[in-house]
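# Tertiary structure, described
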Amino acid sequence: MSESLTFHFDVDGEDFTSAGQASVQVKKNLRRLGIPPEIIRQVSIAMYEGEINMVIHAGGGEADVIVSEDKIEIILEDHGPGIADVELAMQEGYSTAPDSVRSLGFGAGMGLPNMKRYMDEMTIDSTVGVGTTIRMAVYLS
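Here goes a summary of the coordinates provided.

What counts, and where the lines are drawn
- Residues numbered from 1 in each chain as written.
- Predicted model: local features only at pLDDT ≥ 70, side-chain atom pairs only at ≥ 80, totals over all residues.
- Heavy atoms only, no water.
- Helix = DSSP H or I, 4+ residues; strand = E, 2+ residues; numbered from the N terminus.
- Buried < 20%, exposed > 50% of the residue type's maximum accessible area, 1.4 Å probe, protein only.
- Contact = heavy atoms within 4.5 Å.
- Lys, Arg positive; Asp, Glu negative; His and termini not counted.
- Charge placed at Lys NZ, Arg CZ, Asp CG, Glu CD.
- Salt bridge = Lys/Arg side-chain N within 4 Å of Asp/Glu carboxyl O.
- Pairing = 2+ DSSP bridges.
- Axes fitted to C-alpha atoms, helices over the stretch in contact; angles between N-to-C directions.
- 1 Å grid on protein atoms, 1.4 Å probe; cavity = no way out; pocket = protein on both sides within 12 Å on 5 of 7 lines; lining within 4 Å.
- Points joined across faces, edges and corners; volume = space filled by probe spheres on them.

Within the protein chain, the regular secondary structure consists of 5 helices and 5 strands. Helices and strands appear in the protein chain in the N-to-C order β-α-α-β-β-α-α-α-β-β. Its C-alpha atoms give the protein chain principal-axis dimensions of about 45 × 30 × 25 Å. Expressed as a percentage of the 141 residues in the protein chain, the buried residues total 46%. Residue pairs at least 24 apart in sequence account for 63% of intrachain contacts in the protein chain once pairs closer than 6 positions are excluded. Taking the average place of the 10 positive charges on the side chains of the protein chain and the average place of its 22 negative ones, the gap between the two points comes to 8 Å.

Below, the structure written as structure tokens:
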């Protein structure tokens, strides 16, 4: 694969039942491309956590998955409230999810830490009142 392949998804921020659809589709697409199962698992987990975060905190957003010869990149972008303290948000167990979300079994404060755990690279660019862009990559070699 000398060129990159991009999969684009709109993440609906209105309901939890559709959250995770993009990660399921990414898993199928990567399987068809012959990507190793462990890499697919890593990408699927990070993608799912990102989708859930966009639904909980930002009213949805957009996700792009770019598959190239040496890596898979995930770019998650939303226009939510932004993350006031990224370092604090990266701590396991820290969450700003409301009780209504926690009662559904989400919002345990593991989303961002899990995304970082399963990716080789991760950067968060967030501006309060503007939104958040998360860029992640896993290398194929």
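What follows deals with the pattern of salt bridges. Enumeration over the complete set of coordinates arrives at 2 salt bridges. One salt bridge in this structure joins arginine 41 and glutamate 38, with 3.5 Å as the shortest N-O distance. With arginine 41 and glutamate 38 both in helix α2 (residues 37-58) and 3 residues apart, this pair spans about one turn of that helix. Taking relative accessible area as the criterion, arginine 41 reaches 39% and is therefore assigned partly exposed. Under the relative-accessibility criterion, glutamate 38 is labelled partly exposed at 42%.

In space, the 5 strands of this open sheet follow the order β1-β2-β3-β5-β4, with antiparallel pairing throughout. Each edge of the open sheet is held by one strand with a lone partner, namely β1 (5-12) and β4 (121-127). Here the average twist between neighbouring strands, direction ignored, is 10°. Relative to strand β5 (residues 131-139), β4 runs antiparallel, the two being bridged by 7 bridges. Bridge pairing in β5 places serine 126 opposite threonine 132. Running at roughly 5° to strand β3 (residues 71-78), α2 makes contact with β1, β2 (60-67), β3 and β5 of the sheet.

With that out of the way, let us pick up the side chain of threonine 133. Along the chain, threonine 133 falls in strand β5. With a relative accessible area of 16%, threonine 133 lands in the buried category. If we skip the residues at most four places from it in the chain, threonine 133 touches Ile75, Leu76, Glu77, Thr123, Ile124 and Asp125.

Size it by volume and the largest pocket reaches roughly 660 Å³. Every residue lining the largest pocket is counted, 36 residues in all, and those nearest its centre are Asn53, His57, Ile83, Thr96 and Leu112. If you list the elements that add at least two residues to the lining of the largest pocket, you get α2, β3, α3 (86-89), α5 (111-118) and β5. Top contributing element to the lining of the largest pocket by residue count: α2, with 9 residues.

By themselves, these observations are geometric and do not establish any function.
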